[in-house]
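Here is what each chain is made of, one letter per residue.
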Amino acid sequence: MKCKVNKLCGGCSYLHLAQKEQAKIKKEKVEELVEKYHLRVKVHDVIMAEQDTKYRNKVIVGFAKDKGKVYSGLYAAHSHKVVRTPNCMMHPDIVNKVIQKITELVDSMKIMLYNENTGTGLLRHVVIRYAATTNEMMVTFVTSKKEFPNRKNLITVLRKEFPCITTILQNINPRNTSIVLQDETLLLYGKGMITDELCGIKISFDPSSFYQIHVGQCEKLYGIAKNLADLHGTENVLDTYCGVGSIGLSMAHACKQLTGVENNRQAVENAKFNAKQNGIKNARFIGMDSTKFMLEAKKQRANYDVIILDPPRAGTTQEFIEASTSLNPSRIVYISCDPRTMMRDLNIFRKCEYVTDEIQLVDMFPNTEHVEAVCVLTRKKGNNKKSFKPNNQGNYRPRRK
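Residues numbered from 1 in each chain as written. Predicted model: local features only at pLDDT ≥ 70, side-chain atom pairs only at ≥ 80, totals over all residues. Heavy atoms only, no water.

### A look at the overall build of the protein
Selection criterion: Here a strand is any run of E in DSSP of at least two residues, a helix any run of H or I of at least four, and the numbering for each starts at the N terminus. Note that the radius of gyration is over C-alpha atoms, with the globule rule given as 2.2 Å times the number of residues to the power 0.38. Whether two residues are in contact is decided by their heavy atoms: any pair within 4.5 Å suffices. For accessible areas, the Shrake-Rupley method is used with a probe of radius 1.4 Å. Any residue's cover is judged against the shown protein chains and nothing else. When charges are counted, Lys and Arg contribute as positive and Asp and Glu as negative, whereas His and the chain ends are disregarded. Just so you know, the charge point we use is NZ for Lys, CZ for Arg, CG for Asp and CD for Glu.
Counting its regular elements, the protein contains 10 helices and 18 strands. What you see for the protein is a C-alpha radius of gyration of 22 Å, in line with the 21 Å of a compact globule of 401 residues. The principal-axis extents of the C-alpha atoms in the protein amount to approximately 70 × 45 × 40 Å. A separation threshold of at least 6 residues defines the contact pool for the protein, and within that pool the share at least 24 residues apart is 67%. Accessible surface computed for the protein: about 19,600 Å², of which carbon and sulfur atoms make up 49%. Of the charged side chains in the protein, 61 are positive and 41 negative; the average position of the first set lies 2 Å away from that of the second.

### Describing the confidence of the model for the protein
Heads up, the rule is: Every residue carries a pLDDT, the predictor's confidence in it, which falls somewhere between 0 and 100.
With 95% of its residues at a pLDDT of 70 or more, the protein has an overall mean of 92. Segment residues 384-401 is flagged for pLDDT under 50; beyond a separation of four residues in sequence, or across chains, it makes 38 contacts in the model.

### What to know about the environment of Lys145
Keep this limit in mind: Type-normalised accessible area, obtained with a 1.4 Å probe on protein chains alone, sets the label of each residue: buried when under 20%, exposed when over 50%, and partly exposed for intermediate values.
Summarising the element assignment, Lys145 is placed in the loop between strand S6 (136-143) and helix H4 (151-161). Given a relative accessible area of 43%, Lys145 falls into the partly exposed group. Those residues in contact with Lys145 that lie beyond four places of it in its chain are Gly121, Leu122, Gln170 and Ile172.

### A word on the pattern of salt bridges
Applied cut-off: Any carboxyl oxygen of Asp or Glu that lies within 4 Å of a side-chain nitrogen of Lys or Arg is treated as forming a salt bridge with it.
The final tally for this structure, using the stated rule, is 14 salt bridges. Across the pair Glu28 and Lys24 runs a salt bridge whose closest N-O atoms are separated by 2.9 Å. Here Glu28 pairs with Lys24, and both are found in helix H2 (residues 19-36), just four residues apart, close to one helical turn. Glu28 gets classed as partly exposed once you look at its relative accessible area, which sits at 33%. Since its relative accessible area comes to 44%, Lys24 is described here as partly exposed.

### A few points about the packing of aromatic side chains
Filter applied, for reference: Centre distance within 6.5 Å is the pairing criterion for rings of Phe, Tyr and Trp, where only the six-membered ring of Trp is used; planes under 30 degrees apart are then read as stacked, over 60 as edge-to-face, and the remainder as tilted.
Summed over all chains, the structure comprises five aromatic pairs. Centre to centre, the rings of Phe141 and Phe148 are 5.7 Å apart; their planes meet at 70°, and the pair counts as edge-to-face. Relative accessible area serves as the criterion here: at 8%, Phe148 is assigned to the buried category. Taking 4.4 Å as the distance between ring centres and 20° as the angle between the ring planes, the aromatic pair formed by Phe205 and Tyr211 counts as stacked.

### Some points on helix H3 (residues 93-108)
Put simply, the test is: Residue count minus one, scaled by 1.5 Å, sets the expected span of a helix.
Across its 16 residues, H3 extends 23 Å between first and last C-alpha, which sits within 8% of the 22 Å expected from 1.5 Å per residue. For H3, the full list of buried residues reads Val95, Asn96, Val98, Ile99, Lys101, Ile102, Thr103, Leu105, Val106 and Asp107. On its buried face, H3 sits against strand S2 (58-66), strand S3 (69-75), strand S5 (123-131), S6, H4 and strand S7 (165-172). Positioned one or two residues after H3, Lys110 has a phi angle of 55°, which is positive.

### Structural notes on the sheet that holds strand S4 (residues 82-84)
Strands pair in a sheet through their backbones, by hydrogen bonds, and they do so in one of two ways: parallel or antiparallel. Rules: Two strands pair if DSSP finds at least two bridges between them. Axis definition: a line fitted to C-alpha atoms, over the contacting stretch in the case of helices. Angles run 0 to 180 degrees between N-to-C directions.
Taken in spatial order, the seven strands make up an open sheet running S4-S3-S2-S5-S6-S7-S8, and their pairing is mixed. Edge positions in the sheet fall to S4 and strand S8 (184-189), since each has one partner strand and no second. Averaged over all neighbouring strand pairs, the angle between strand axes comes to 35°, with direction disregarded. Each of S6, S7 and S8 is contacted by H4, which is oriented at about 55° to S8, the strand it contacts most.

### Some details on unusual backbone geometry
Phi is positive for Arg301, which is not a glycine, with a value near 60°. Counting through the fold element by element, Arg301 comes out in the loop between helix H8 (290-299) and strand S14 (306-309). One non-glycine residue, Asn367, lies in the positive phi region at around 75°. What makes Asn367 buried here is its relative accessible area of 1%.

### Here we look at the environment of Gly260
Assignment of secondary structure puts Gly260 in strand S12 (residues 257-262). Sequence-distant contacts of Gly260, that is, excluding residues within four places in its chain, are made with Asp239, Cys242, Arg284, Phe285 and Ile286.

### Let's talk about the packing of H2 against helix H10 (residues 339-351)
When two helices pack together, their arrangement is captured by the angle between the axes and the distance separating the axes. Note the cut-off: By definition in this entry, angles of less than 35 degrees are roughly parallel, angles greater than 145 are roughly antiparallel, angles of 65 to 115 are roughly perpendicular, and the rest are oblique. Handedness of a crossing follows from how the near helix is turned relative to the far one, being left-handed for an anticlockwise turn of less than a right angle and right-handed for a clockwise one.
For the pair H2 and H10, interaxial distance at closest approach is 10 Å and the crossing angle is 25°. Between H2 and H10, the angle is such that the two are roughly parallel. Considering the relative orientation of H2 and H10, their crossing is right-handed. Residues Val30, Leu33 and Val34 of H2 pack against Pro339, Arg340 and Met343 of H10.

### Thoughts on H2
Our working definition: Note: the arc covers the axis-to-C-beta directions of the helix.
Taking 1.5 Å of rise per residue, 18 residues should cover 26 Å, and H2 covers 26 Å from first to last C-alpha, within 8% of that figure. Turning to H2, its buried residues are Gln22, Ala23, Lys26, Lys27, Val30, Leu33 and Val34. Looking straight down H2, one finds that the buried residues subtend no more than 125° of arc, so they occupy a single side. For H2, exposure combined with an orientation more than 90 degrees from the buried face picks out Lys20, Glu32, Glu35 and Lys36. Where H2 is buried, its residues meet strand S1 (42-47), H10 and strand S17 (358-362). Downstream of H2 by a residue or two, His38 has a phi angle that is positive, lying close to 55°.

### So, the side chain of Ser246
Convention followed: In protein, a polar contact means a hydrogen-donor-capable atom and an acceptor-capable atom, both N or O and within 3.5 Å, with residues adjacent in sequence counting only if both atoms are side-chain atoms; elsewhere, any N or O pair within 3.5 Å suffices.
Here Ser246 shows up in helix H6 (residues 246-251). Overall, Ser246 belongs to the buried group, its relative accessible area being 8%. Separated by 3.2 Å, the side chains of Ser246 and Tyr222 make a polar contact. Beyond its immediate stretch of four places on either side in the chain, Ser246 contacts Leu198, Ile201, Ile203 and Tyr222.

Structural data, given as structure tokens:
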């Protein structure tokens, strides 16, 4: 595949490579990390995507001017420079059409663009999220202040031309920051969230909630995680970093009790709503830091058979690892969007007596250098201690099947 702005944008650094070559490189990079951290684990072949274009369900659009005319596009890697990316091959066609129309309206309605150097202007970004299975779209205008001239006209035109836009919001971000969304969000139209279908359940989410970029690959990833969790209907499952509850809820039917913990209170409300709309009654969600929750659970002698974690790209912390292993779960399922931080964390888990012997890879981001990894950790054989006692020696022996 060829893209005229591929080198400028940097969003699809592997676009020029065939799928087999991408899979080979991604696997080799993870194997190098395994060797670097002295982990004796088997790295499986990458599960590649059947749909490797038009898959991104979230797009952050920037705006700029050229000779007085507004244009839009993605941001160049590690910069605030907007690169013209019309009809991006990674976006669904309808998303590209909406972006083009918004760009035309911003230009014709003379909506002022935000200038980060002077702190003047209004429109900073537009965030689009799209649920292909339900054909629902969320559009969020990120502005520097509440006053938004021509807002009503803008909404009227978009609703008339694109019935798939079921909710429109305005997020106010007055800060000098590269973080796109801030805390204050105004609902301009619709319910403030959209609903997708994932692993046979309905998942609703708002602008700030985490949701995997590629739904098809996400279903494969969650399927692997469920198999690794090895549920038989009797387990108490703890889903940490649970977000809107998508991972845990996809497994709820196979366990006795699901507890989801998440720091983002709005995401917790989404998770509760998702459980209710799917008729899942064996799930509860708690707004709390996951590490603090597990430390409290330890004091109360709560029992969790399986712990799931899908942390941000930065990975988890030593405190989290110590708290999770102190609960003595039978299995810990670790999903990671960055194998580099995963290997670092697996090294700490090893010192805490929990190890894995294989890592599965899923190509969640086709045509990029990124790859998703998942594994299951169990306590070392011959060590059934109930109390937490890190192994400072770091000795490791792979478990045998």
